[in-house]
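# Descriptive analysis of the structure
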Amino acid sequence: VQLQASGGGLVQAGGSLRLSCAASGRTFSTYNMGWFRQAPGKEREFVAAISRSGSSTRYGDSVKGRFTISRDNAENTVYLQMNSLKPEDTAVYYCAANTGLVLTQSREHYGYWGQGTQVTVSS
């Protein structure tokens, strides 16, 4: 599967952005999908994940209550709605796919990655 993330940009603190990740290749609905982010000098961090059907989701502690992951299997797209953005949310955001049975936040279990989209939150 090939993944293409988009929707990043510059936003003021308190604002919102919606990231999209379009998938092509194998059947999109066979993959659990995740979003990760990486700030300069830091390790890649789990943000959110969603199951194949969209019925289950997981979130990193730092984004719970502010971010929402969703997917549209008919459109082969996963989304990340980001609200109440903070300067510490500034990072490159990556979408990723895995075929495992368990909805995981471990980046080692994601075998497919998009190219990343930059999100910058100004104070």
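Here goes a summary of the coordinates provided. (Residues numbered from 1 in each chain as written. Predicted model: local features only at pLDDT ≥ 70, side-chain atom pairs only at ≥ 80, totals over all residues. Heavy atoms only, no water.)

## Structural notes on the state of the cysteines
Overall, the coordinates contain 1 disulfide when judged by the stated rule. Across the disulfide from Cys-21 sits Cys-95; the S-S distance is 2.1 Å. Negative torsions about the S-S bond denote left-handed disulfides, and the value of about 60° found for Cys-21 with Cys-95 makes this one right-handed. Taken together, the positions of Cys-21 in strand β3 (residues 17-24) and Cys-95 in strand β9 (residues 91-98) put the pair 74 residues apart, joining distant regions of the chain. Of the two residues, Cys-21 and Cys-95, neither departs from the other in class, the shared state being buried. (Disulfide = S-S within 2.5 Å. Helix = DSSP H or I, 4+ residues; strand = E, 2+ residues; numbered from the N terminus. Buried < 20%, exposed > 50% of the residue type's maximum accessible area, 1.4 Å probe, protein only.)

## Brief notes about the pattern of salt bridges
Counted under the stated rule, the structure contains 5 salt bridges. Its salt-bridge partner being Glu-45, residue Arg-37 comes within 2.8 Å of it at the nearest N-O pair. In this structure Arg-37 comes out as buried when scored by relative accessible area, which is 5%. Given a relative accessible area of 32%, Glu-45 falls into the partly exposed group. When the shortest N-O distance is used, the salt bridge between Asp-61 and Lys-64 registers 3.2 Å. For the pair Asp-61 and Lys-64, a shared accessibility class is recorded, and that class is exposed. (Salt bridge = Lys/Arg side-chain N within 4 Å of Asp/Glu carboxyl O.)

## Some thoughts on the nonpolar core
Grouped together as the largest cluster of nonpolar side chains are 30 residues, with contacts concentrated most on Met-33, Trp-35, Leu-80, Met-82 and Tyr-93. Elements represented by at least two residues in this core include exactly β1 (2-6), β3, β4 (32-38), β5 (45-50), β7 (67-72), β8 (77-82), β9 and β11 (117-122). Residues within four places of Met-33 in sequence aside, it is in contact with Leu-3, Cys-21, Phe-28, Ala-48, Ala-49, Ile-50, Ile-69, Arg-71, Val-78, Ala-96, Ala-97 and Tyr-110. Counting residues in each nonpolar core, the second largest holds 6 residues, with Phe-46, Ala-49, Leu-103 and Tyr-110 among its members. (Core = buried A, V, L, I, M, F, W, Y, C linked by side-chain atoms within 4.5 Å. Contact = heavy atoms within 4.5 Å.)

## A look at the packing of aromatic side chains
Summed over all chains, the structure comprises 6 aromatic pairs. Aromatic side chains Tyr-31 and Tyr-112 sit 5.7 Å apart centroid to centroid with 80° between the ring planes, which places their arrangement in the edge-to-face category. Here Tyr-31 is found in the loop between β3 and β4, whereas its partner Tyr-112 is found in strand β10 (residues 112-113), with 81 residues between them in sequence. Of note, Arg-44 hangs over the ring of Tyr-94, and the distance from its end group to the ring centre comes to 3.7 Å. Its end group placed over the ring of Phe-28, Arg-71 keeps NZ or CZ at 4.4 Å from the ring centre. (Phe/Tyr/Trp six-rings, centres within 6.5 Å; stacked < 30°, edge-to-face > 60°. Lys NZ or Arg CZ within 6 Å of the ring centre and 35° of its normal.)

## Some words on the pairing of β4
Extensive coverage of β4 is indicated by the burial of 6 of its 7 residues. Here β4 pairs with β9 via 7 bridges, running antiparallel. Bridging from a neighbouring strand, Arg-37 pairs with Tyr-93 of β9. Both β4 and β5 contribute to a ladder of 5 bridges, which runs antiparallel. Bridge pairing in β5 places Phe-36 opposite Phe-46. Counted between consecutive antiparallel strands, the loop separating β4 from β5 contains 6 residues, among which Gly-41 sits at a positive phi close to 80°. (Pairing = 2+ DSSP bridges.)

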